[in-house]
Amino acid sequence: MVMSFQFPAYFTAIFIITRVMSIMKISKPLDVHHKDIRAVDLATKLSVDPSAIESASRDFGGIVKAEPEAVLHPSAPQDIAALIKFSYSNSVPFGIAAKGHGHSVRGQAMAENGVVVDMRSMANKRRNGTGIRVSIDRLYADVGGEQLWIDVLNATLEYGLAPISWTDYLYLTVGGTLSNAGISGQTFRYGPQISNVLEMDVITGKADFLTCSPRMNSELFYAVLGGLGQFGIITRARIPLQPAPKRVKWVRLLYDDFSSFTKDQELLISKNGRKDKSALDYLEGSLLMDQGSPDNWRSSFFPYKDHPKIISLITKHGIIYCLEIVKHYDDRTKHTVDKEMEQVLQGMNYMPGFIFGKDVGYEEFLNRVRSGELKLKSQGLWDVPHPWLNLFIPKSQISDFNNGVFRGIVLERNITTGPVLVYPMNRQKWDDRMSAVIPDEEIFYTVGFLHSSGFDTWKAFEDQNKDIMRFCNKTGIMLKQYLPHYSTKEEWVHHFGSKWKVFQHRKYQFDPRMLLSPGQRIFNNN
């Protein structure tokens, strides 16, 4: 069979792949007339351009930098599979990391001296299983792993439908959040995003292209969900849908007492049945501290005229606790939603006079962070270091955490900028067969220190994060990190606890040459 190539493109491809192979010390001869034609085709989508390398070597955290040798811009999942196969079959394999919107904060989507796969390059390409395809009759959407959740929302709303579980920020890829968990104020009732997936297409570390679900290739299905990218790259996910509400009742309540704050949260999440009409649809808590305006980049909420009295409260108490709740409604329930919200608020112990409400569109609520993002970008304050720390704290120890961390370390240092979140979840909404790790107690809290810092000041926040971790270790608080970051194998083994042996077994089963997600440094931390 005679193969024909455009002359310049052919030699450009040969040059790139030869260079990549040379840099990565791959000595396998390139047979361009036969079996490596796919490799030559792959090379046309590999970039060693300095701007592409620079972009792939950084993430939203702005702290870690790790340069890959090349960046793959795939036009189809088959390109990703070819790359993995190319590495897997060589005597000296190279690391491969999938990068979506680059919202990681500790280099998790990087591949030093390897290849970063730019998943977003497939977002606007036509391919089998690409984009977002909505099944109205079966109430699901088949979604490319490279797609942003904001685009999933917009596509499904055209049919009056929407996914069930969300993250606070929608400009994240589907594959990215499913590789972690995907949490927000809906999690207490609907579970994390990984509990709301019907099936997936995954490319493993052996270049196997598999469809998996609870009934088909189930071991891979449960491994990948919350698996930190260690077992495969998600190229398609089938997401269940439900009729989308039209609007939401959105309320914030202020507390000066932490015990009252947590008791009210725990009472509210006890009503968590998916079909329970008396249950809330969203619940989050946060800290208000001496940071200027009571509003933050996540949303502007409090009426400006009330800012002085809220700031006065913060000055008096040091920390004020804010409870944020939401109830959805549509044309059918718009006449009853106010009464239902009143019933929810009965008996709650918030500070009298410090209740604030809004009525907004459903899409506006879900995309509430976007306006703050655009404002910060216009001020040059978005693309700065983000030394974040996200933790899961058992209910039985959240009071100790408040006393030692919120009112101890954080208040005393007084350097915290950006939101500090604290809100509870129900363990029963998580599936223990998945790779994600959570505390053993039935109720646990997520605590998120979502710092923004200057380029020269992020180390102070890192020191605070380390002090928080040291305090928890010293006092026996059995936390688990969300979006975990550790530097030694021993720390990773401790993190996974009873799941470590299963996690390790799955790695050997689906990625035996340890190719995928090297930036996590779970199996390559020496």
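Everything discussed here concerns the structure shown above.
Not measured: the values here are computed from a predicted model.

**A word on the sheet that holds strand S4 (residues 115–118)**
So, step 1. The strand order across the open sheet formed by 4 strands is S1-S2-S4-S3, and the pairing between neighbours is mixed. Either end of the sheet is taken by a strand with one partner, and the two such strands are strand S1 (46–47) and strand S3 (96–99).
So, step 2. With 4 bridges joining them, S3 and S4 adopt parallel strand pairing. What sits directly across from alanine 97, in S4, is valine 116.

**Overview of the nonpolar core**
So, step 1. If you look at the biggest cluster of nonpolar residues, it comprises 121 residues, and the most contacted ones within it are Met200, Ile325, Phe401, Phe406, Trp430 and Phe449.
So, step 2. Counting only domains with at least three residues in this core, you end up with domain 1 (132–244) and domain 2 (247–481).
So, step 3. Not counting residues within four places of it along the chain, the set of residues in contact with tryptophan 430 comprises Ala181, Ile183, Thr187, Pro192, Ile194, Ser195, Phe392, Met425, Ala436, Ile438 and Phe444.
So, step 4. Formed by 22 residues, the second largest nonpolar core is a distinct cluster that contains Ile80, Leu83, Met122 and Leu516.

**Thoughts on the pattern of salt bridges**
So, step 1. Tallied over the entire structure, the rule returns 31 salt bridges.
So, step 2. Residues arginine 368 and aspartate 168 are paired through a salt bridge, measuring 2.6 Å at the closest nitrogen-oxygen approach. Residue arginine 368 is found in helix H13 (residues 368–378), and its partner aspartate 168 is found in the loop between strand S7 (161–163) and helix H6 (174–178); the two are separated by 200 residues along the sequence.
So, step 3. For arginine 368, a relative accessible area of 6% corresponds to the buried category.
So, step 4. The partner of glutamate 199 in a salt bridge is arginine 236, with the nearest N and O atoms 2.7 Å apart. Residue glutamate 199 is located in strand S8 (residues 199–204), and its partner arginine 236 is located in strand S10 (residues 232–243); the two are separated by 37 residues in the primary sequence.
So, step 5. Arginine 236 gets classed as buried once you look at its relative accessible area, which sits at 7%.
So, step 6. Among the ionic contacts, a cluster of salt bridges with common partners joins Asp142, Glu199, Asp201, Arg236 and Arg238.

**What about the packing of aromatic side chains?**
So, step 1. Summed over the entire model, instances satisfying the criterion amount to 31 aromatic pairs.
So, step 2. For the pair tryptophan 250 and phenylalanine 301, a centre-to-centre distance of 4.9 Å together with 70 degrees between the ring planes defines the contact as edge-to-face. Of this pair, tryptophan 250 sits in strand S11 (residues 247–255) while phenylalanine 301 sits in the loop between strand S12 (282–288) and helix H10 (307–317), and the two are 51 residues apart along the sequence.
So, step 3. Residue tryptophan 250 is classed as buried on the basis of its relative accessible area of 3%.
So, step 4. Aromatic rings pair up to connect Phe231, Tyr486, Trp492, Phe496, Trp500, Phe503 and Phe523 into one cluster.
So, step 5. Taking NZ or CZ as reference, arginine 368 lies 4.3 Å from the ring centre of phenylalanine 365, over its face.
So, step 6. Over the ring of tyrosine 171 we find arginine 370, and its NZ or CZ is 4.0 Å from the ring centre.

**Looking at the packing of helix H16 (residues 489–496) against helix H17 (residues 500–510)**
So, step 1. Two numbers describe how H16 lies on H17: the axes approach to 8 Å, and their chain directions differ by 115 degrees. Contact with H16, carried on its side by Lys489, Trp492, Val493 and Phe496, involves Trp500, Phe503 and Gln504 of H17 and no other residues of that element.
So, step 2. When grouped by side-chain class, the residues that make up the contact of H16 with H17 number 5 nonpolar, 1 polar and 1 charged.

Rules behind the numbers
Residue numbers here run from 1 along each chain, matching the order of that chain's written sequence. Only residues with pLDDT of 70 or above have their local features reported here, since the model is predicted, and side-chain atom pairs are shown and tallied only from 80 upward, although totals for entire chains, interfaces and linings are computed over all residues. For side-chain calculations, the full set of non-hydrogen atoms in the structure is used, while hydrogens and water are omitted. Strands were regarded as paired on the criterion that DSSP finds at least two bridges between them. Where helices and strands are cited, they refer to DSSP runs of H or I of at least four residues and of E of at least two residues respectively, numbered from the N terminus. For the purposes of this section, nonpolar cores are sets of buried Ala, Val, Leu, Ile, Met, Phe, Trp, Tyr and Cys residues that join through side-chain atoms within 4.5 Å. Per-residue accessibility, obtained with a 1.4 Å probe over protein chains only, is compared with the maximum for each type, and a residue is labelled buried under 20%, exposed over 50%, and partly exposed between these values. Boundaries of every domain are those given by an automatic assignment or by a domain database. Here, residues are in contact when the closest pair of their heavy atoms is within 4.5 Å. Salt bridge, as used here, is a side-chain nitrogen of Lys or Arg placed within 4 Å of a carboxyl oxygen of Asp or Glu. Pairing of aromatic rings covers Phe, Tyr and Trp, the last counted by its six-membered ring, and requires centre-to-centre distances within 6.5 Å; plane angles under 30 degrees mean stacked, over 60 mean edge-to-face, and any other angle means tilted. Comment: the charge-over-ring label is applied if NZ (Lys) or CZ (Arg) is within 6 Å of the ring centre and within 35 degrees of the ring normal. Convention adopted: a line fitted to C-alpha atoms gives each axis, helices being fitted over their contacting stretch, and angles between N-to-C directions are expressed from 0 to 180 degrees. Side-chain classes follow a simple rule in which Ala, Val, Leu, Ile, Met, Phe, Trp, Tyr, Cys and Pro form the nonpolar group, Asp, Glu, Lys and Arg form the charged group, and the remainder, Gly included, forms the polar group.

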